[in-house]
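Listed here are the chains, written in short residue letters.
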Amino acid sequence: MDVFLIPTTTPECYELYYEAPDEDVRQNTDDNGFFPRVMRSRVVTAVMRWGWVVSVRASFAETLREAEEWRHRRHEEQPRPKGFIAKWRRKLMGFVVERIAEQRLLWHMRYATQICAAIPADLAPEEADRLIRRDLKRDADHHFKWVLIDGLLLLVSLPLTLIPGPNPAGFYFTFQVVGHFLSMRGAKQGLAVTEWTYKASADLAELRQAMALDEAARQPIFQQIAQRLQLEHLATFCEDVAAPPA
């Protein structure tokens, strides 16, 4: 598994970036795809036994796939949605996209036994290892806390499953519990099991300088570096890091 340690505009703050194979998103009917594997995980199976089984399970997986496609178009010019439903759906996509962006790497890390991290050429491997392990420990603690909190809130929301119609509370807390649980497992795997190796990258060192530029100047550099590294969506990720969406 190959990941990239992306510098940000803040010293001592880096973001791990991982570009999943396209088939993880596009194989909607493949039982071996990433999202079907998520939906077969033990925590999802347990949650789905409590009520809204088939409909929420299908909508959960479909929402993840749609959000992943929406994420790659987020910086494109799009017409403003009209109507309450369209606006609510756009807000939902924005929420799910943010959670995917934050947790996708950790979801994939659950089964990684070896990870090669490309790091900026001006950063020592020992320092990169310290920073990565610091962030993984923080992630493991954070997601464990929210598994407990959202799990309790999911139990409280169970009576709503008896009400006909959409169940946004059930969907929200199901998504939260599943996402935090898988992220917690990935962070712990990365800390305790995964063997990390590091390789220097001049391109990532160049990213550090580009982060300090204005939008018009940095975007062409992001695109060039993404092409050189053969990472299709890196430029979008870097723009998110340089100027987080409101």
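This write-up is about the structure you can find in this document. Within any chain, residue numbers begin from 1 and follow the written order of that chain's sequence. Local features in this predicted model are restricted to residues of pLDDT 70 or higher, and side-chain atom pairs are both shown and tallied only at a pLDDT of 80 or more, whereas totals for entire chains, interfaces and linings draw on every residue. Just so you know, side-chain values use all the structure's heavy atoms and leave hydrogens and water out.

To continue, consider helix α8 (residues 202-211). Summary of the burial criterion: residues with accessible area below 20% of their type's maximum are buried, those above 50% are exposed, and those between are partly exposed, where the area comes from a 1.4 Å probe applied to protein chains only. A run of H or I in DSSP becomes a helix once it reaches four residues, and a run of E becomes a strand once it reaches two; helices and strands are each numbered from the N terminus. Along α8, the residues classified as buried are D203, L204, A205, L207, A210 and M211. By definition in these notes, contact holds between two residues if any of their heavy atoms fall within 4.5 Å. Buried residues in α8 make contact with β1 (2-7), β3 (114-120), β4 (195-201), α9 (215-229) and α10 (234-242). Structurally, the start of α8 carries an N-cap: the backbone nitrogen of D203 is 3.4 Å from a side-chain oxygen of S201. Within 3.5 Å is the distance limit for a polar contact, defined as a pair of N or O atoms, with the added protein rule that one can donate a hydrogen and the other accept it, and that residues adjacent in sequence qualify only through two side-chain atoms.

This part covers the pattern of salt bridges. In the sections that follow, a salt bridge refers to a side-chain nitrogen of Lys or Arg positioned within 4 Å of a carboxyl oxygen of Asp or Glu. The full count for this structure, using the stated rule, is 12 salt bridges. Linking K137 and D141 is a salt bridge whose minimum nitrogen-to-oxygen distance equals 2.6 Å. Taken as a pair, K137 and D141 lie in helix α6 (residues 125-157) at a separation of four residues, close to a single helical turn. Residue classification places K137 among the partly exposed positions, given a relative accessible area of 44%. Owing to a relative accessible area of 42%, D141 belongs among the partly exposed residues under this scheme. Across the salt bridge formed by D139 and R138, the nearest N and O atoms sit 3.7 Å from each other. You can call D139 buried: its relative accessible area is 18%. Taken together, the salt bridges that share partners define one network made up of E12, E127, R130, R134, D135, R138 and D139.

Take the nonpolar core next. As used here, the term nonpolar core means buried Ala, Val, Leu, Ile, Met, Phe, Trp, Tyr and Cys residues forming a set that is joined through side-chain atoms within 4.5 Å. Membership of the largest hydrophobic core comes to 20 residues, with the highest contact counts inside it found for V3, L5, M109, L136 and W196. Contributions of two or more residues to this core are made by β1, α5 (84-109), β3 and α6. Here the element with the most residues in this core is α6; it accounts for five residues. Setting aside anything within four residues of it in sequence, one finds M109 in contact with M1, I115, L136, G186, Q189, G190 and W196.

Strands are treated as partners if at least two bridges between them are detected by DSSP. Bridge count between β1 and strand β2 (residues 14-17): four bridges; the pairing is antiparallel. Each bridged residue has a counterpart across the sheet, and for F4 the counterpart in β2 is Y17. The antiparallel hairpin formed by β1 and β2 contains six residues in its connecting segment, where E12 sits at a positive phi of about 70°.

What follows concerns unusual backbone geometry. Despite not being glycine, E12 shows a phi value in the positive range, around 70°. Position of E12 relative to the elements: it lies in the loop between β1 and β2. Backbone geometry places Q230, a non-glycine residue, at a positive phi of 60°. Tracing the backbone shows Q230 in the loop between α9 and α10.

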